[in-house]
Amino acid sequence: MIIQVMDNFEFSDILHNNILRNRRHLCPNGCGRHYKRRCHMNHHLKFECGVQARFKCPYCFKMTNQKSNLKTHIRENQDRFICPNNMCCRTYKFKRNLSSHLKLECGGQKGFNCSICPKAFSQKVILKKHLAQIHNCIE
């Protein structure tokens, strides 16, 4: 095996070219997104980053920035049961799951109160999870 030694000039050229090849265009708005091509970043700035959603789903209250995303949303949620609550955009494949959602989550009575903070929950298991994760209490 022959090992070829490169001088500093050649090595810095290779390193510089590699950085240029892998350079990413970072969003100037600070959202953390980065793109390989400047045109993709410009598309992000024009249609996504900090832009009010323009397209509303006719079946639920979901809003999207691009028409293609709305079409995908509608296609994925066809023949699904939609929660009738205006603020909830949950959909279910089976009616029994929607019924369970309405009973326990969306319209359920919140009979399980946290003893530390003013939060209330519709299921005891969710209260226990809240106590463990938020207040570090294990009962």
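If you look the protein up in an unreviewed UniProt entry, it shows as Zinc finger protein 425-like isoform X1 from Sipha flava.

J.: Is there a simple way to think about the environment of Thr64 in this case?
T.: Looking at the secondary structure, you find Thr64 in strand E4 (residues 63–64). Measuring from C-alpha to C-alpha, the distance between Thr64 and Gln52 comes to 8.6 Å, with 12 residues separating the pair along the chain. When residues no more than four places from it in sequence are discounted, the contact partners of Thr64 are Ala53, Arg54, Phe55, Asn69 and Leu70. There is a polar contact of 3.1 Å between the side chain of Thr64 and the backbone oxygen of Gln66.

J.: Can you walk me through the pattern of salt bridges in this structure?
T.: Oppositely charged side chains can form a pair if their charged atoms are brought close together. Here the structure, examined in full by the defined rule, presents 1 salt bridge. Notably, a salt bridge pairs Arg90 with Glu105, separated by 3.7 Å at the nearest N-O pair. In this pair, Arg90 is assigned in the loop between strand E5 (81–82) and strand E6 (91–92) and Glu105 in helix H4 (residues 95–106), connecting sequence segments 15 residues apart. Arg90 sits in the partly exposed class, given a relative accessible area of 41%. Exposure remark for Glu105: the relative accessible area of 38% places this residue in the partly exposed category.

J.: Mind showing me how you'd approach the confidence of the model for the protein here?
T.: Caution is warranted with low-pLDDT regions, since their predicted coordinates should not be read in detail. Residues of the protein with pLDDT of at least 70 account for 82%, and the chain-wide mean is 79. Note on residues 1–7: pLDDT is under 50 here. Beyond four places in sequence and across chains, it has 2 contacts. Contacts for the low-pLDDT stretch residues 14–21, under 50 throughout, to residues beyond four places or in other chains number 2 contacts.

J.: It is not clear to me how the state of the cysteines should be interpreted in this structure. Could you clarify?
T.: Disulfides are covalent bonds that connect the sulfur atoms of two cysteines. Under the counting rule described, the total for this entry stands at 0 disulfides. Cys31 supplies the cysteine sulfur nearest to Cys27, a cysteine that is in no disulfide, at a spacing of 3.6 Å.

J.: Is there a simple way to think about the packing of aromatic side chains in this case?
T.: Two descriptors summarise a pair of aromatic rings, namely the distance from one centre to the other and the angle between the planes of the rings. In total, this model carries 0 aromatic pairs according to the counting rule given. Sitting over the ring of Phe94, Arg96 keeps its end group 4.6 Å from the ring centre.

Basis of the calculations
All residue numbers here refer to positions counted from 1 along the written sequence of the relevant chain. In keeping with the predicted nature of the model, local features appear solely for residues at pLDDT of at least 70, side-chain atom pairs appear and are counted solely at 80 or more, and the whole-chain, interface and lining totals rest on all residues. The side-chain numbers reported here are obtained from all heavy atoms of the structure, hydrogens and water having been left aside. Secondary structure elements follow DSSP: runs of H or I of four or more residues count as helices, runs of E of two or more count as strands, with numbering from the N terminus. Residues count as neighbours in contact if any of their non-hydrogen atoms are within 4.5 Å of one another. As used in this structure description, the phrase polar contact means that two N or O atoms lie within 3.5 Å; if the pair is within protein, one of them must be able to donate a hydrogen and the other to accept it, and residues adjacent in sequence are counted only when both atoms belong to side chains. A side-chain nitrogen of Lys or Arg and a carboxyl oxygen of Asp or Glu constitute a salt bridge if their distance falls within 4 Å. Think of it in three bands: residues with accessible area under 20% of the maximum for their type are buried, residues over 50% are exposed, and the middle band is partly exposed, with areas taken using a 1.4 Å probe on protein chains only. Every residue gets a pLDDT, meaning the predictor's confidence in that residue, from 0 to 100. Whenever a pair of cysteine sulfur atoms sits within 2.5 Å, that pair is classed as a disulfide. Whether two aromatic rings pair depends on their centres lying within 6.5 Å, for rings of Phe, Tyr and Trp, where Trp uses its six-membered ring; planes under 30 degrees apart make the pair stacked, over 60 edge-to-face, and the rest tilted. Comment: the charge-over-ring label is applied if NZ (Lys) or CZ (Arg) is within 6 Å of the ring centre and within 35 degrees of the ring normal.

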